[in-house]
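# Examination of the molecular architecture
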Amino acid sequence: MKIDLTDTTASKINKGLVKARRAIGTPAVGMVLTLVVVTDEENAYDALKAANDASREHPSRTLVVIKRVSRSPRDRTQSRLDAEVRVGTDAGSGETVVLRLYGEVSDHAQSVVLPLLLPDAPVVVWWSVDAPRDPANDPLGALSQRRVTDSYAAEKPVEELRSRAESYEPGDTDLAWARITPWRSMLAAALDQVSSEIVSVEVAGEESNPSVELLAMWLADRLHVHVRRAISAGPGLTQVRLETTGGPITLHRSDGAMATLALPGQPDRAVALKRRETSELLAEELRRLDPDDTYASALRFGVDRLGGIQSAAERAEAAADQPVPALPVRAVPEATPASVPAATAKSAPAPASASAGEGDADRPTPAKMPPVKKQEG
């Protein structure tokens, strides 16, 4: 069931929720949390679909906050709130309210969200795009116990990881971290089967995939060895290679679905490492509300401490910054006959492309130097 409310208030939205529940005969029980989704109009459909799919595992009240951009200065001064209430099959296993904020109210989204939170239930905020630099100090983030971002959606994912490390607070997490959960589980199980000492590690994946950096930082932080970040064609993570004293351990995935695990002295085995949907990643993050200390430790290890291969753009930029080396100047021998003037003896020879000047035919040639061949003009 859907109820559209134009130019409304939080009080009218609550009344709309009660009316919709009574119409379909669904009580407001069984919901375990409030999920606040902050997105834009372009990504609203995908974010709402992921939240509805995740609600089948975690029944919740989903509040979708969409900040609309006003086109004129006059519109930016006029505040308006439009809402769409969804209950029943249109809202997964919970209830959904889509909030569209116009004008000045866009800067005070927390005042709209606060009256709609479920009482005595935890709050989780998920920024599907355009996450704030400091989620814990954001007005919406301050209302929550758990704050979920996605550095993969950022324009510069590696810079986003540095920003997350600087502003980390307990309760912060990233969907890029959830993407490597199967990889971490598989690698931990593989290391339990060998007793050799690990010497170095290489992690390969797409250039703009922050999950590769997070996995490399996790391995470096846990194993205390040098980890090298390599670039591959993808998709996503493609390979982890651990050099040990007993031989290499390799986990390779080329198609984004099945991977091959190779251990020293054992036959290769195929393992499932399918790339998961956003709804599965979100459902995983909603399973825990306590701080993720492992994520915090890996994030604070730092991207800059990883060894790796420069991308083509970085190599071109580094080459452009290098100064152009000066051409070497060939010295003139000091042994010159006395008949040649001193100024002529100390001057540099003419370039090879220049034609011979007057008087060159009468100039004596030093005994130890080969005869100079005249170049045709």
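Residues numbered from 1 in each chain as written. Predicted model: local features only at pLDDT ≥ 70, side-chain atom pairs only at ≥ 80, totals over all residues. Heavy atoms only, no water.

Assigned secondary structure in the chain consists of 12 helices and 15 strands. Going through the 377 residues of the chain one by one, you find that 43% of them count as buried. Relative to all contacts within the chain whose residues are 6 or more apart in sequence, the contacts with residues 24 or more apart total 70%. With an accessible surface of roughly 20,900 Å², the chain has 51% of that area assigned to carbon and sulfur atoms. (Helix = DSSP H or I, 4+ residues; strand = E, 2+ residues; numbered from the N terminus. Buried < 20%, exposed > 50% of the residue type's maximum accessible area, 1.4 Å probe, protein only. Contact = heavy atoms within 4.5 Å. Areas by Shrake-Rupley, 256 points an atom, 1.4 Å probe, with all protein chains shown as cover.)

Further remarks concern the packing of helix α8 (residues 210-223) against helix α10 (residues 293-301). Two quantities define a packed helix pair, namely the angle between the axes and the distance from one axis to the other. Packing of α8 against α10 brings their axes to within 8 Å, and their N-to-C directions diverge by 95 degrees. As summarised for this structure, α8 and α10 are arranged roughly perpendicular, according to the angle between their axes. Between α8 and α10, the contacting residues are L214, M217, W218, A220, D221 and R222 on the first element and T294, Y295, S297, A298, L299 and F301 on the second. The residue makeup of the contact of α8 with α10, split by class, is 8 nonpolar, 2 polar and 2 charged. (Axes fitted to C-alpha atoms, helices over the stretch in contact; angles between N-to-C directions. Parallel < 35°, antiparallel > 145°, perpendicular 65-115°, else oblique. Nonpolar A, V, L, I, M, F, W, Y, C, P; charged D, E, K, R; others polar.)

One broad trend across soluble globular proteins is that nonpolar side chains are buried collectively. Formed by 38 residues in total, the largest nonpolar core has its most connected members in V201, V203, L214, L215, L219, V227 and V240. Sorting elements by how many residues they give to this core places α8 first, with 8 residues. In this structure V240 touches W183, L187, V201, E202, V203, L215, L219, I249, T250 and L251, once residues within four positions along its chain are discounted. Membership of the second largest hydrophobic core comes to 27 residues, among which are L17, V87, L99 and V123. (Core = buried A, V, L, I, M, F, W, Y, C linked by side-chain atoms within 4.5 Å.)

What follows deals with the pattern of salt bridges. Tallied over the entire structure, the rule returns 21 salt bridges. The salt bridge involving E95 is made with R61; its shortest N-O contact spans 2.7 Å. Residue E95 is located in strand β5 (residues 95-102), and its partner R61 is located in strand β3 (residues 60-67); the two are separated by 34 residues in the primary sequence. Accessibility assignment for this pair places E95 and R61 in one class, buried. For E84, the salt bridge goes to R86, with nearest N and O atoms at 2.8 Å. (Salt bridge = Lys/Arg side-chain N within 4 Å of Asp/Glu carboxyl O.)

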